[in-house]
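Survey of secondary and tertiary structure
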Amino acid sequence: QAQQEQKNGFSEISVAVKKYFGRKMRRSFTKLTTDETAMELKSYLLNDRLYSITQALRMGDAIKFAKYHPSADDCLATLDDLKKEIQQTDTELKIQ
């Protein structure tokens with residue numbers, strides 16, 4: 001049950017992050033893979049920010065597809081980092 005909750009939660013977070021960037025950049029990210037999303041965002045985000053966001057999405061991929069089961073503490077830490085990074089993008093996102 002907890003594993004399914006992690007899977008569902010990270011799936012929802014992945015979609016939410018991609019929708020957020022889609023709205024900010026006026027393009028669709030929801031059908032892109034994590035790596036494709038990272039490549040699209042590369043020229044708009046600072047490297048450290050892009051790395052942190054991509055790592056959170058990759059953890060979600062590992063949970064969803066590779067049956068990875070991180071501890072609750074690891075999940076919470078990843079979500080906390082992701083929240084901070086997303087909040088920072090509002091001031092740093094460089095739309096051309």
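These remarks concern the structure in this document. Everything numeric in this text was worked out from a predicted model, so none of it was measured.

Parameters at a glance
- Residues numbered from 1 in each chain as written.
- Predicted model: local features only at pLDDT ≥ 70, side-chain atom pairs only at ≥ 80, totals over all residues.
- Heavy atoms only, no water.
- Phe/Tyr/Trp six-rings, centres within 6.5 Å; stacked < 30°, edge-to-face > 60°.
- Buried < 20%, exposed > 50% of the residue type's maximum accessible area, 1.4 Å probe, protein only.
- Helix = DSSP H or I, 4+ residues; strand = E, 2+ residues; numbered from the N terminus.
- Contact = heavy atoms within 4.5 Å.
- Axes fitted to C-alpha atoms, helices over the stretch in contact; angles between N-to-C directions.
- Parallel < 35°, antiparallel > 145°, perpendicular 65-115°, else oblique.
- Left-handed = near helix turned anticlockwise from the far one by under 90°.
- Nonpolar A, V, L, I, M, F, W, Y, C, P; charged D, E, K, R; others polar.

1. Here's the deal with the packing of aromatic side chains
Under the criterion given, the structure shown has one aromatic pair. Between the aromatic rings of Y20 and F21, the centroid separation amounts to 5.0 Å while the plane-to-plane angle is 75°, which identifies the pairing as edge-to-face. Each member of the pair, Y20 together with F21, is buried.

2. Overview of the environment of I53
Locating I53 in the fold gives a position in helix α3 (residues 47-65). According to the relative accessible area criterion, I53 is buried, its value standing at 1%. Note: C-alpha distance between I53 and T78 (25 residues apart in sequence) is 9.3 Å. With residues near it in sequence (within four places) discarded, I53 still touches V17, F21, L45, L82, E85, I86 and T89.

3. Section: the packing of helix α1 (residues 2-25) against helix α2 (residues 34-41)
Relative to each other, α1 and α2 sit at 30°, their axes nearing to 12 Å. Classified by the angle between their axes, α1 and α2 sit roughly parallel to one another. The handedness of the crossing between α1 and α2 comes out as left-handed. Across from K18, F21 and M25 in α1, the residues of α2 making contact are T34, T37, E40 and L41. The residue inventory of the contact of α1 with α2, partitioned by class, reads three nonpolar, two polar and two charged.

4. Things to note about the side chain of T34
By the element assignment, T34 lies in helix α2. T34 has contacts with K18, T54, L57, R58 and D61, leaving out every residue within four places of it along the chain.

5. What to know about the environment of K84
Within the secondary structure, K84 sits in helix α4 (residues 72-92). By relative accessible area, which is 45% here, K84 ends up partly exposed. When the C-alpha positions of K84 and S52 are compared, they lie 9.7 Å apart, and in sequence the two are 32 residues distant.

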